[in-house]
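Chain residues, written in single-letter form:
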Amino acid sequence: MRFQQLDLPGLVLITPKVFEDERGFFLETYRKDQLLAAGIAVDFVQDNHSKSRKGTVRGLHYQTSPGQAKLIRCTKGAIWDIAVDIRPDSETFGKWVGVELSENNKQLIYIPIGFAHGFAVLSDEAEVQYKCSNYYDGATEAGIAWNDPEVAVDWKVSAPILSVRDQNNPPLASLRKK
């Protein structure tokens, strides 16, 4: 695995070593020892899997306490994956990074606690699988507006398909007030 630090501290793009031949391919998607060597000391406790159609935007979501670190990959299709820094004392608060994850590039992104996460589906459909460091808890689920002009995410889709929840998330400024 190759680990690349992204522009916001804590975000890591992971490129696995892929072994391909006439039968197909093989790759390791999770190696605790290699993550530890790269400074990612997280115990993941839950795996999630979603399927979405083209133009879907999911996010921007986070868990308030204790939060969730995530290890995300796209196993079918392609997504534009977004992480927004929501750490109150961070110099990069409100900044975002986007990376394309796809079944072709087989890359993963590590997103630590303190980031809101979302993605837009670029292909006809996409399946996303991700590990979480803490169990989902509806009581601590939160989000920020996907289209908040202060954050100004370029979602790379022209007519986003959104859940009711995602249509009604508050702006980033609401986090500053807390």
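A brief look at the structure comes next. Just so it is clear, the structure is predicted and the values come from calculations on it, not from any experiment. (Residues numbered from 1 in each chain as written. Predicted model: local features only at pLDDT ≥ 70, side-chain atom pairs only at ≥ 80, totals over all residues. Heavy atoms only, no water.)

**Quick notes on the overall build of the chain**
Working step 1: Check the secondary structure of the chain and you find three helices and 13 strands.
Working step 2: At 16 Å, the chain has a C-alpha radius of gyration in line with the 16 Å of a compact globule built from 178 residues.
Working step 3: Considering only intrachain contacts with a sequence separation of at least 6, the fraction spanning at least 24 residues in the chain is 79%.
Working step 4: When the accessible area of the chain is evaluated, it comes to approximately 9,400 Å², of which 48% is carbon and sulfur surface.
Working step 5: Averaging the positions of the 21 positive and the 23 negative side-chain charges in the chain gives two centres separated by 1 Å. (Helix = DSSP H or I, 4+ residues; strand = E, 2+ residues; numbered from the N terminus. Rg over C-alpha atoms; globule rule 2.2 N^0.38 Å. Contact = heavy atoms within 4.5 Å. Areas by Shrake-Rupley, 256 points an atom, 1.4 Å probe, with all protein chains shown as cover. Lys, Arg positive; Asp, Glu negative; His and termini not counted. Charge placed at Lys NZ, Arg CZ, Asp CG, Glu CD.)

**Thoughts on the sheet that holds strand β8 (residues 78-85)**
Working step 1: The strand order β9-β8-β11-β6-β13 describes an open sheet built from five strands, whose pairing is antiparallel. If you trace the sheet from one side to the other, it starts and ends with β9 (96-102) and β13 (141-143), each paired once. Averaged over all adjacent pairs, the angle separating strand axes in this sheet is 30°, with direction ignored. (Pairing = 2+ DSSP bridges. Axes fitted to C-alpha atoms, helices over the stretch in contact; angles between N-to-C directions.)

**As for the pairing of strand β10 (residues 108-111)**
Working step 1: Burial of β10 is two-sided: the residues L108 and Y110 facing one way and the residues I109 and I111 facing the other way are all buried.
Working step 2: Of the pairings in the sheet, the one linking strand β2 (residues 12-15) to β10 comprises three bridges and is antiparallel in character. Of the residues in β10, the one forming a bridge with L13 is I109.
Working step 3: Both strand β7 (residues 70-76) and β10 contribute to a ladder of four bridges, which runs antiparallel. (Buried < 20%, exposed > 50% of the residue type's maximum accessible area, 1.4 Å probe, protein only.)

**What to know about the sheet that holds β2**
Working step 1: Spatial strand order, β1-β2-β10-β7-β12-β5: six strands in an open sheet with antiparallel pairing. Edge positions in the sheet fall to β1 (2-5) and β5 (46-53), since each of these pairs with one other strand and no more. Along the sheet, successive strands turn relative to each other by an average axial angle of 25°, direction set aside.
Working step 2: Alignment of β5 against strand β12 (residues 125-132), held across eight bridges, turns out to be antiparallel. In the strand pairing of β12, R53 is matched with E125.

**A short note on the pairing of strand β6 (residues 57-63)**
Working step 1: Counting buried residues along β6, six of its seven residues qualify, which places the element largely inside the surrounding structure.
Working step 2: Where β6 and β13 come together, three bridges link them in antiparallel fashion. By the bridge assignment, H61 is partnered in β13 with G143.

**Concerning the packing of aromatic side chains**
Working step 1: Taken as a whole and assessed by the stated rule, the structure comprises one aromatic pair.
Working step 2: Seen in terms of ring centroids, Y30 and F44 are 6.0 Å apart; in terms of plane orientation they differ by 80°. Their pairing is edge-to-face. Of this pair, Y30 sits in the loop between β4 (24-27) and α1 (32-37) while F44 sits in the loop between α1 and β5, placing them 14 residues apart in sequence.
Working step 3: Taking the relative accessible area as the measure of exposure, F44 reaches 17% and is therefore buried.
Working step 4: Against the face of W80 rests K156, its NZ or CZ located 4.6 Å from the ring centre. (Phe/Tyr/Trp six-rings, centres within 6.5 Å; stacked < 30°, edge-to-face > 60°. Lys NZ or Arg CZ within 6 Å of the ring centre and 35° of its normal.)

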